[in-house]
Amino acid sequence: MKKIVVTGAAGDIGTRLRRLLKGVYAEICWSDIRKPADLADDETFIAADLADLAQVEKMIADAEGIVHLGGFSVEGPWETIHRANIVGCYNVFEAAYRAGVGRIVFATSNHAVGFYPRSERIGVNVTVRPDSRYGVSKAFGEALGAFYADKHGLRVTCLRIGNVADAPVDARRLAIWLKPEDLVQLVRIGLEHPDIRYEIFYGVSDNAASWWDNSNARRFGYRPQGRAEDFRHQALAAQREIPADPIADRYQGGPFCSAEYDADRRR
Ligand code: 15L
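Participant: Help me understand the packing of aromatic side chains, please; the structure alone is not making it clear to me.
Facilitator: Centre-to-centre distance and the angle between the planes together describe a pair of aromatic rings. Within the structure shown, the criterion is met by 10 aromatic pairs. Ring geometry for F115 and Y251: centres 4.9 Å apart, planes at 75°, overall edge-to-face. Within this pair, whereas F115 is found in the loop between β5 (103-109) and α4 (133-152), its partner Y251 is found in the loop between α9 (246-250) and α10 (255-258), the two being separated by 136 residues in sequence. We note that F115, like Y251, is buried. Just above the ring of Y116 sits the side chain of R129; from NZ or CZ to the centre is 5.6 Å.

Right under this line is the structure:
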């Protein structure tokens, strides 16, 4: 793959990938709405507002693959989510289709399925159960990816990312932690594997406490190296400082589920 474009370059995951993908592809163009403060001299950057199709078309010029991390990465007001994650995501897929970009790796989120209880182990073929407007926007992106793959032949990989960090920071993250180097493996499978058409993988490391069946990613050669168990003691110590929250503690999406929750009162 000669040139790839990565959106969301200034975010936490984008910042990690700028370090970890260095030298992997001949040309990587990093993009965000504004330039990351720590952009290095040897990094190529183009500013783009994802809600503006013309800017997105300019951003992806000559790309063979796109890693779409950009948008709004937590819960927010509908106007914000709509602009960044609905319109923005549509513009990325549509511009890629028009320009003949072959592959997209889309960073979706565990929050697309956050309302599955922790007692349930789920695979990639379950009905989406978003836990927030943010989660709904990620489910929309997954559907958009399927549409552009099935109707227009783009090769699309959706990574339902758990939590990317140096180590799992609480009990929930013992299940969903994703070691940054394992994310790189998943991104590279999405950009390079010859058999990708439309796939959903869980962005999760080899965690003993995982709630997700990630055999689909393993089928494509994913061999995660991170093991959340190695950090069990410190994650549980941190959890003891967090007040109990019956809704957050019951569901996989945690606090995204309990925020604004009033279903019990209405039923
Ligand atoms: C996400 O999707 C967010 O982008 C990230 O900030 C974390 O909140 C993560 O989920 C999580 O569930 O821990």
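Still more ground to cover, so stick around.
Participant: Mind showing me how you'd approach the pairing of strand β4 (residues 65-68) here?
Facilitator: Remark: a regular strand shows side chains that alternate across the two faces of the sheet. Alternating positions in β4 separate into two faces, G65 and V67 on one and I66 and H68 on the other, with burial throughout. Sheet analysis places strand β1 (residues 3-7) next to β4, joined by four bridges and oriented parallel. Bridge pairing links T7 to H68 in β4. Relative to β5, β4 runs parallel, the two sharing four bridges. In the sheet register, V67 faces β5, and the bridge partner there is V105. One crossover worth recording links β4 to the parallel β5 by way of helix α3 (residues 78-99), and it is right-handed.

Participant: What am I meant to see in the environment of R172 here?
Facilitator: Position of R172 relative to the elements: it lies in helix α5 (residues 171-176). Along the backbone, R172 and G253 are 81 residues apart, and their C-alpha atoms lie at a distance of 8.6 Å. What R172 contacts, discounting residues up to four positions off in sequence, is N110, H111, R118, W211, Q239, Q252, G253, G254 and P255.

Participant: I would appreciate a short explanation of the site of the ligand in the present structure.
Facilitator: The immediate surroundings of the ligand are formed by S73, V74, S109, N110, H111, Y134, G162, N163, R172, R173, I176 and F256. In the model, an oxygen atom of the ligand is placed 2.6 Å from a nitrogen or oxygen of the R172 side chain. Side-chain polar atom of R173 to an oxygen atom of the ligand: 2.9 Å apart, as the coordinates give it. Relative to its unbound accessible surface of 320 Å², the ligand loses 79% to contact with the protein. In terms of residue count, the dominant contributor to the shell around the ligand is α5 (three residues). Looking at the shell around the ligand residue by residue, the classes come out as four nonpolar, six polar and two charged.

Participant: Would you take a moment to explain α4 for this structure?
Facilitator: Note that an α-helix has 3.6 residues per turn; residues three or four places apart therefore point the same way. An ideal rise of 1.5 Å per residue puts 28 Å on 20 residues; α4 measures up with 27 Å between its terminal C-alpha atoms. Within the sequence span of α4, burial applies to Y134, G135, S137, K138, A139, G141, E142, L144, G145, A146, Y148 and A149. Immediately beyond the C-terminal end of α4, within one or two residues, lies G153, with a positive phi of roughly 80°.

Cut-offs used in this document
Each chain has its residues counted from 1, following the order in which its sequence is written. Since the coordinates come from a predicted model, pLDDT governs what is reported: local features require at least 70, and pairs of side-chain atoms require 80 or more to be given and counted, while whole-chain, interface and lining totals use all residues. Water and hydrogen atoms play no part in the side-chain values, which are based on all heavy atoms of the structure. The pairing test for Phe, Tyr and Trp rings, Trp by its six-membered ring, is centres within 6.5 Å, and the orientation test on the planes gives stacked under 30 degrees, edge-to-face over 60, and tilted for anything in between. Here a strand is any run of E in DSSP of at least two residues, a helix any run of H or I of at least four, and the numbering for each starts at the N terminus. Each residue is placed in one exposure class: buried if its accessible area under a 1.4 Å probe, protein chains only, is under 20% of its type's maximum, exposed if it is over 50%, and partly exposed if it falls in between. Two conditions define a charge sitting above a ring: the NZ of Lys or the CZ of Arg must be within 6 Å of the ring centre, and it must be within 35 degrees of the ring normal. Pairing between strands is defined by DSSP: at least two bridges between them are needed. Looking down the strands as they point away from the viewer, one classifies a crossover as right-handed if the path from the first strand across the helix to the second runs clockwise. Whether two residues are in contact is decided by their heavy atoms, any of which lying within 4.5 Å being enough. A cutoff of 4 Å decides nearness: a residue is near a molecule or strand if any of its heavy atoms lies inside that distance of it. Here a polar contact is recorded for every N or O atom pair within 3.5 Å, except that within protein the pair must consist of a potential hydrogen donor and a potential acceptor, and residues adjacent in sequence are included only if both atoms are side-chain atoms. Accessible surface is estimated by sampling points in the Shrake-Rupley manner with a 1.4 Å probe; for residues, cover comes only from the protein chains shown. Charged means Asp, Glu, Lys or Arg here, nonpolar means Ala, Val, Leu, Ile, Met, Phe, Trp, Tyr, Cys or Pro, and polar covers whatever is left, Gly included. Between the first and last residue of a helix there are one fewer steps than residues, each counted as 1.5 Å, and that sum is the expected span.

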